[in-house]
Amino acid sequence: MSFEDLDLHPFILKAIHDAGYTTPTPIQQQAIPELIAGQDVMACAQTGTGKTAAFMLPALHLLSTPSQLRSRGPRILVLTPTRELALQVSDAAKKYGKYLPRTKVVSILGGMPYPLQNKLLSQPVDILVATPGRLIDHIQRGRIDFRRLQMLVLDEADRMLDMGFVEDVETIAAATPITRQTLLFSATLDNAIDKVAAKLLKTPKRIQVASHKTKLDNIEQRLHYADDMSHKNRLLDHVLRDEKLKQAIVFTATKRDADTLADNLYAQGFAAAALHGDMNQRERNRTLTRLRNGGLRVLVATDVAARGIDVADITHVINFDLPKFAEDYVHRIGRTGRAGAAGVAVSFASAKDNMHLSKIERYTGQRIASHVIPGLEPRIKPRLHSYGTKSAPNVTQKRKRSPFAGYGTRSNFGAGSELNGNRNEQHGRSFSHDNRSNSFRNRNNSSAGQHFARAK
Ligand code: AMP
């Protein structure tokens, strides 16, 4: 199937051609005809599958016909869990809609000044991309006219639910016309998602594409056991000096660890910077621009901040701390291996992390082989797996496919405060309770901060 078979407006096809896409991805092949036909759709598709274009191309196609209603309000509304994803979606809208006359794209995100947003909302808008918390504020102040809204997109709906946005999403949907077309994209379609879909979508067509397994096939996953923080830092230094590494994202558990680690890497001569939700939007944008321009080699980030980052030269993702959720592991390592390129995902773990690792492996259906770097061998004995192969500490060992086929959903690896903290990031408000619990984690966990504080 080619894009020409999808009946998209010729100006959209021209922009797709400029983007260098030749063939629609599976989610695009399945979703676009349904969406052009006006059908509600709930799609199980992860980042990296081309899901953004799967909803944005039909949305733009809809804009190619003028609205019957005289109003300035948005015709398309996309809700995303994070600011970074919202900016990514806005960029996609501008990229694919650049030849269409009516594609004014506005992003309404937490952490941005209200006066600017008020000004943007007072002008005609075609596509509004927003995080739920801030959008609610504007709706409650009567600043958005949804009369001509035709399409509502819930992007990464599972994550919006995880972050506690479900009520906000429902309130926003209730403010839009009942005649709208509704699309829901999610990494998993489980009961919680079904409940939301039952409320907001009309006899949706369900679409499911490539599972976590196939999506990760172009990413080599490696595990390094680390005895302590000093060992972890030496391993990181080794990985970052790999000459095949063009750009890397290093994930830490907390915002403070991201800052500390980035500062220390910078002091060691790496072009490194941090990205997390305590930074204001301007700082975050500046850092992302440096990453895209190649001015940064190492980005040290927390989960939410890094979601949606799409930079082709990211060859390595390093889990300095393992994620709490198995699906975050998939999102994290999906920052590399973009658009079919090869990528490397390195995870550092301690003996305590074996249960987490098993959960991740069950979720992805893939085994993460442990590697040992000569001179940096761990004192701890690598784990034996309950299924399949034993860990063989061998530098050249490649990832083996696990015979374990089943994988669950949303495995929670612990009762941390990060998700609550993340929600606050989106609202651009501060909640002292969450800040306290984050610093509690900093004090009690073996964090980068601790190590470097000791080392100084
Ligand atoms: P997404 O899943 O929306 O995060 O998209 C992942 C990446 O795939 C982005 O870099 C897109 O630019 C790219 N992409 C989307 N559709 C196609 C396509 N049909 N062919 C090649 N690349 C694509």
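As the structure is a prediction and not an experimental result, all values here were calculated from the model.

*Asks:* Can you break down the sheet that holds strand β13 (residues 343-349) residue by residue, with the values?
*Replies:* With respect to topology, seven strands assemble into an open sheet ordered β10-β11-β9-β12-β13-β8-β14, the strand pairing being parallel. Two strands bound the open sheet, and with one partner strand each, they are β10 (272-275) and β14 (369-370). Two elements, strand β9 (residues 247-251) and strand β11 (residues 298-301), share four bridges in a ladder whose sense is parallel. Across the sheet, the residue bridging to F251 is A301, located in β11. The strands that helix α11 (residues 229-240) touches are β8 (219-225), β9, β11, β12 (314-319) and β13; relative to β13, the one it contacts most, it runs at about 170 degrees.

*Asks:* Please set out the packing of aromatic side chains residue by residue, giving values where relevant.
*Replies:* Applying the stated criterion across every chain, the model contains three aromatic pairs. An angle of 70 degrees between the planes, with centres 6.1 Å apart, marks the rings of F320 and F348 as edge-to-face. On the criterion of sequence distance, the pair formed by F320 in the loop between β12 and α15 (326-333) and F348 in strand β13 is long-range, its members being 28 residues apart. There is no split in this pair, since F320 and F348 are both buried. Cation over ring: R141 sits above Y114, and NZ or CZ is 5.0 Å from the ring centre.

*Asks:* Can you explain the side chain of D303? Please cite residues and give values.
*Replies:* Mapped onto the elements of the fold, D303 is located in helix α14 (residues 303-306). Accessibility expressed as a relative area gives 11% for D303, which makes it buried. Engagement of the side chain of D303 in a polar contact is seen with the side chain of R332, the distance being 2.6 Å.

*Asks:* Go over helix α1 (residues 10-19), please, and point to the residues and values.
*Replies:* Among the residues of α1, I12, L13, A15 and I16 are the ones counted as buried. An end-on view of α1 places all buried positions within 160 degrees of arc, on one side of the element. Residues P10 and H17 are exposed on α1 and point more than 90 degrees away from its buried face. On its buried face, α1 is in contact with α3 (51-63) and α4 (83-96).

Criteria and thresholds
- Residue positions are given per chain, counting from 1 as you read along its sequence in written order.
- This being a predicted model, a pLDDT of at least 70 is required before a residue's local features are given, and a value of 80 or more before pairs of side-chain atoms are given or counted; all residues contribute to the totals for chains, interfaces and linings.
- To obtain the side-chain values, all non-hydrogen atoms of the structure were included, while hydrogens and water were left out.
- Should DSSP find at least two bridges between two strands, the strands are regarded as paired.
- Helix and strand definitions follow DSSP, with helices as H or I runs of at least four residues and strands as E runs of at least two, each counted in order from the N terminus.
- Residues count as neighbours in contact if any of their non-hydrogen atoms are within 4.5 Å of one another.
- Axis angles are defined between N-to-C directions and span 0 to 180 degrees, where every axis is a line fitted to C-alpha atoms and, for a helix, only to the segment in contact.
- Aromatic rings from Phe, Tyr and Trp, with only the six-membered ring used for Trp, were paired whenever their centres fell within 6.5 Å, and each pair was classed as stacked if the ring planes differed by under 30 degrees, edge-to-face if by over 60, and tilted otherwise.
- Per-residue accessibility, obtained with a 1.4 Å probe over protein chains only, is compared with the maximum for each type, and a residue is labelled buried under 20%, exposed over 50%, and partly exposed between these values.
- Only Lys NZ and Arg CZ are tested; either one counts as a charge over a ring when it is within 6 Å of the ring centre and within 35 degrees of the ring normal.
- Counted as a polar contact is a pair of N or O atoms within 3.5 Å, where, for protein atoms, one must be capable of donating a hydrogen and the other of accepting one, and residues adjacent in sequence contribute only when both atoms are in side chains.
- By construction, the arc corresponds to the directions joining the helix axis to the C-beta atoms.

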